[in-house]
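# Structural overview
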Amino acid sequence: MALNVGCSARPGKSRANRTGSWRVFRPVFKHDKCTKCGICSLVCPEGCIEQREDEFFEADYEFCKGCGLCSDECPAEDIVMEQEEK
Amino acid sequence: MMQFMEGSLAVADAVRLCRPQVVSAYPITPQTHIVEALADMVANCTLDAEYITVESEFSALSACIGASAAGSRVYSATTSQGLALMFEVCFNAAGMRLPIVMTIVNRALSAPLSIWNDQQDSISLRDAGWMQLYAEDNQEATDLHYVAYRVAEDHSILLPAMVCFDGFILSHTYEPVETLSQEQADAYLPAFKPFQKLDTADPISFGMFASPDYYMEFRYEMDRAMERAKEKIARAGKEFGKQFGRDYSALVEGYRLEDAETAFVAMGSICGTVKDSIDEMRAQGKKVGLLKIRCYRPFPGPEIAKALWSDAGGGARQEHLPGLQGCRRPGGEGCPLWIRDTGVRLHRGPGREGPEKERYRGHRRPGREGRGRPVLWPATGGASVMVDKSLELFDCGHRACGGCGPAMAARLIMKGAGKDTIVVSSTGCMEVFSTPYPETAWKVPWIHSLFENAAAVASGVEASLKRQGRSDKVVIIGGDGATFDIGMLCISGAFERGHDFTYICYDNEAYMNTGVQRSGATPFAASTTTSPAGRCSTGNRLPKKDMPQILAAHGAPYVATASIAYPADFMQKVEKAVNTKGPCYVQVHAPCCTGWGFEGSQTMKIGKLAVETGLWVMYEMTDGKVTRVKKVVRKPVEEYLSTQKRFRHLFKPARRDAEIAQIQASADRNAEKYGIDIKLKKPEQ
Ligand SMILES: Cc1ncc(C[n+]2csc(CCOP(=O)(O)OP(=O)(O)O)c2C)c(N)n1
Ligand code: SF4
Ligand code: SF4
Ligand code: SF4
Ligand SMILES: [Mg+2]
């Protein structure tokens, strides 16, 4: 692989690092009591929670580290943390 | 045109003709006449450049880094103590491959304090990755600046260059100097074409963090560029000769060496004196000669060997008297030109590889095909829109701990600042977790230089943009250590100068990247690895420094404190700061689960508790006056302290009432000072 001059790089490359493998607990979005407020998506330090077509939110498990912040902050308690089976 | 000029002024004149767009320098004898002359030219519109009057040499070169990375031709000059103060920045500029040209007016290093000439200052930086050219007289000093820019900016080189000439002996001496016209200079030195630059239309991350195998490769690339520079210097020197009649193609130059039995090896102004002596000694029948080193970096090992062995008649019988500069090396043999130490063994024949090259042998290269080569990127376009907070400008895949407050801060900052922003980062957790080469998480142009110089780098970026008529926003993101402690010098200078940028300090209240050591932002009684709680310690003894007030006192038009636990408020403050002209400051409380000792799922809750207990106050200051404060129904500080391991010693093994009361008192003082209490009506009895 060629080196970029001066140890520089263009965007997009961090996605090569699939941080989802760090996860011990998985946030499960129940889409039950969810009010579609978007708080989960705003507070996720990974920025890996996205709104779907049906306006419900979902985590991208390729990157979700399972920190549990979204679950703790969800006002509707609609996100449940479940142990990963490995 | 032939003019009788002081050396400094001749050099300043050449610099002017090289058309630097940003000049950043700090005065020091005997360099002062150069920078004064340039300031005068800017003041009289004979030099069309931004002149940044920095508060130190450290900032001078740091600003050059920012300005160069943002796409401007830059210039600085220094000497002695000033160059020593730049030490760290010199290595950094070279590693970032920025074609900065800097004049070194060689002077001795203290102690004892001396303003007089020797070359120990630049010699000490011989391995920093800068080209170094040494001038014998003022004509050569002047001309070498054109050569230096031409070679440094060559896209196959991209290395910074020092043009060195002797303090006083040359700088303050009047000599006849043939100066160029602007047309002649332009014909020789084309306008600066940056190889890559900080550009919102093509966002690149500069100055990333490299693992050891990548690091080795990058250093190797620099060495190869140095090797290529030999030929480029020779060619540029020859071209100069063709155009103006003074040929600088020789990296080393012999004087009466042909049948010399003894050869002096020297560089700088002393060469002239040696030449006179040689003439006298020759008249007495002594077979002596001189080898003048013009180019010291890249080191012309084979060229020296060739000049001393095959070109000169002396062969192995020849005796060499290296150096002759005033500077002895304590604990080393002779002076800095003592050849054995400079990378080539002269007892070998010419054409053999010296140790400089051999050094790389046996070093493992990472498992990639072939050797790394520079790549050119095609530019991609991008249209600008208004700040759209749904935009994700900080990407997934970064390496922060799960639940990291500063990672949240990075996302929110970018949402508030928008995509037409250039980010300057300091060394620390955020920089390291977001840019392990080549995996950058930044979707905006981003640059990291050092731990303590972000404000100076940003000053250079801003000046560079201004010069180019660009309107991108400049946002600095620094940790609390970078901001409260080690970066104070650069920050104070930059705020005083009034650059148009926003400085955001993400405050996780310690040096997290290096393992949770105490900083000036660490709160009272917090246990850190350098302020540990113990049998005779209750943790950090000192209160948190009031940084927002310090920067408000600098005249910052907008200062705000925020918390990641209140994202909407934080984004709004960032947006406001970024759209306020002048240097603005936002300090955001960013809880660190790893350093403070709590579960990552609690980051927001803990951030909120800090505000709700009055230990963290969120306010805005406009022109030094507090204009808006977040009011709360206050909770006792214990509710905050008891959630974190860093305060555990206040509760276990025994409760420490005195310390807890002291912390409560500080919250009460905050409440009083900022008026944060919401007074609840007492229920009727
Ligand atoms: C001149 C210098 N001294 C020390 C260091 C080591 N160092 C790197 S990051 C860092 C601490 C960073 O603390 P802070 O700015 O608070 O950022 P954090 O890591 O907490 O996010 C230190 C001490 C350095 N890189 N450069
Ligand atoms: S925070 Fe909870 S309620 Fe709000 S969008 Fe997310 S899942 Fe739905
Ligand atoms: S668990 Fe953490 S990383 Fe995963 S989606 Fe929720 S907030 Fe994001
Ligand atoms: S140590 Fe703290 S600041 Fe650093 S990445 Fe981890 S949580 Fe973030
Ligand atoms: Mg910190």
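It should be emphasised that the depicted structure is a prediction, and the values quoted were computed from it without experimental measurement.

Rules used in this analysis
- Residues numbered from 1 in each chain as written.
- Chains lettered and ligands numbered in written order.
- Predicted model: local features only at pLDDT ≥ 70, side-chain atom pairs only at ≥ 80, totals over all residues.
- Heavy atoms only, no water.
- Helix = DSSP H or I, 4+ residues; strand = E, 2+ residues; numbered from the N terminus.
- Buried < 20%, exposed > 50% of the residue type's maximum accessible area, 1.4 Å probe, protein only.
- Polar contact = N/O pair within 3.5 Å; in protein donor to acceptor, adjacent residues only side chain to side chain.
- Contact = heavy atoms within 4.5 Å.
- Buried area = accessible area lost by both parts, 1.4 Å probe.
- Salt bridge = Lys/Arg side-chain N within 4 Å of Asp/Glu carboxyl O.
- Nonpolar A, V, L, I, M, F, W, Y, C, P; charged D, E, K, R; others polar.
- Patch = residues over 30% accessible without salt bridge, like charges linked within 9 Å, V, L, I, M, F, W, Y side chains within 5 Å.
- Areas by Shrake-Rupley, 256 points an atom, 1.4 Å probe, with all protein chains shown as cover.
- Near = heavy atom within 4 Å.
- Donors = N, O, S within 2.8 Å, 3.2 Å for Na, K, Ca; no water.
- Pairing = 2+ DSSP bridges.
- Core = buried A, V, L, I, M, F, W, Y, C linked by side-chain atoms within 4.5 Å.
- Phe/Tyr/Trp six-rings, centres within 6.5 Å; stacked < 30°, edge-to-face > 60°.
- Lys NZ or Arg CZ within 6 Å of the ring centre and 35° of its normal.

### So, the side chain of serine 519 of chain B
Residue and element names in this part refer to chain B. The residue serine 519 is located in the loop between strand 18 (502–507) and strand 19 (533–534) in this model. The class for serine 519 is buried, based on a relative accessible area of 0%. Here the side chain of serine 519 touches aspartate 480 through a polar contact of 2.7 Å, side chain to side chain. Within polar-contact distance, the side chain of serine 519 engages the backbone nitrogen of alanine 521 at 2.9 Å. When sequence neighbours within four positions are dropped, the list of residues in contact with serine 519 reads Asp480, Gly481, Asp485, Glu509, Ala510 and Tyr511.

### Examining the interface of chain A and chain B
Taken together, the contact pairs 34 residues of chain A with 59 residues of chain B. Summed over both sides, the interface between chain A and chain B buries roughly 3900 Å², with carbon and sulfur atoms accounting for 58% of that surface. The interface formed by chain A and chain B holds five salt bridges in total. Residue lysine 608 of chain B pairs with glutamate 73 of chain A through a salt bridge whose shortest N-O separation is 3.2 Å. At the boundary of chain A and chain B, one finds 21 residue pairs in polar contact (both at pLDDT 80 or more). Going through the elements one at a time, helix 1 (39–43) and helix 2 (69–73) of chain A are the ones with two or more residues in the side of chain A that touches chain B. Broken down by class, the residue content of the side of chain A that touches chain B amounts to 17 nonpolar, ten polar and seven charged.

### Focus on a nonpolar patch on the surface
A cluster of nonpolar side chains, namely Val633, Ile678 and Leu680 of chain B, defines an oily patch on the protein surface of about 270 Å² accessible area. As for its placement among the helices and strands, leucine 680 of chain B is situated in the segment after helix 23 (657–674).

### Looking at the site of ligand 2
Taken together, Cys34, Thr35, Lys36, Cys37, Gly38, Cys40, Phe57, Cys74, Pro75, Ala76 and Ile79 of chain A make up all the residues around ligand 2. In terms of residue class, the shell around ligand 2 is made up of eight nonpolar, two polar and one charged.

### A word on the coordination of the magnesium ion (ligand 5)
Residues and elements named next belong to chain B. For the magnesium ion (ligand 5), the protein coordination sphere consists of Asp480 (OD), Asn508 (OD1) and Ala510 (O), at 2.0 to 2.1 Å. Taken in sequence order, the residues that donate to the magnesium ion (ligand 5) follow the motif D-x27-N-x1-A. Pair noted here: aspartate 480 is in helix 16 (residues 480–486) and asparagine 508 is in the loop between strand 18 and strand 19, with a separation of 28 residues, a long-range link. Neither aspartate 480 nor asparagine 508 differs from the other in exposure class; each is buried.

### A word on the sheet that holds strand 9 (residues 205–206) of chain B
Hydrogen bonds along the backbone pair up the strands of a sheet, which may run parallel or antiparallel. Residues and elements named next belong to chain B. Pairing within the open sheet is mixed, and its nine strands lie in the order 9-16-15-17-18-22-21-23-24. Two strands close off the open sheet at either side, each with one partner strand: strand 9 and strand 24 (625–629). Where strand 15 (residues 421–425) lies against strand 16 (residues 446–448), three bridges are found, and the strand directions are parallel. Within the sheet, the bridge partner assigned to valine 423 lies in strand 16 and is tryptophan 446.

### Brief notes about the nonpolar core
With 161 residues, the main nonpolar core has Cys90, Trp130 and Met131 of chain B as its most contacted residues. When near neighbours in sequence (up to four residues on either side) are disregarded, tryptophan 130 of chain B contacts Leu61, Cys90, Ala93, Ala94, Ile100, Met102, Pro160, Ala161, Met162, Met226 and Arg297 of chain B.

### Details of the site of ligand 4
Residue and element names in this part refer to chain B. Close contacts around ligand 4 come from Ala400, Cys401, Cys404, Pro406, Cys429, Phe433, Asn508, Cys592, Cys593 and Thr594, and that covers them all. Going through the elements one at a time, helix 14 (429–434) and helix 20 (593–596) are the ones with two or more residues in the shell around ligand 4. In the shell around ligand 4, the residues fall into eight nonpolar, two polar and no charged.

### Here we look at the packing of aromatic side chains
Here the structure, examined in full by the defined rule, presents 21 aromatic pairs over all chains. Both rings, one in phenylalanine 451 of chain B and one in tyrosine 511 of chain B, keep their centres 6.3 Å apart while their planes meet at 80°; by these two values the pair is edge-to-face. Within this pair, whereas phenylalanine 451 of chain B is found in the loop between strand 16 and helix 15 (454–468), its partner tyrosine 511 of chain B is found in the loop between strand 18 and strand 19, the two being separated by 60 residues in sequence. For phenylalanine 451 of chain B, a relative accessible area of 28% puts it in the partly exposed group. Residue classification places tyrosine 511 of chain B among the partly exposed residues on the basis of a relative accessible area of 24%. Clustering of aromatic rings is evident, with ring pairs tying together Tyr146, Tyr188, Phe240, Phe244 and Tyr248 of chain B. Lying across the ring of phenylalanine 56 of chain A, lysine 36 of chain A places its NZ or CZ 4.5 Å from the centre. The ring of tyrosine 149 of chain B has arginine 73 of chain B sitting right over it, with the charged end atom 5.4 Å from the ring centre.

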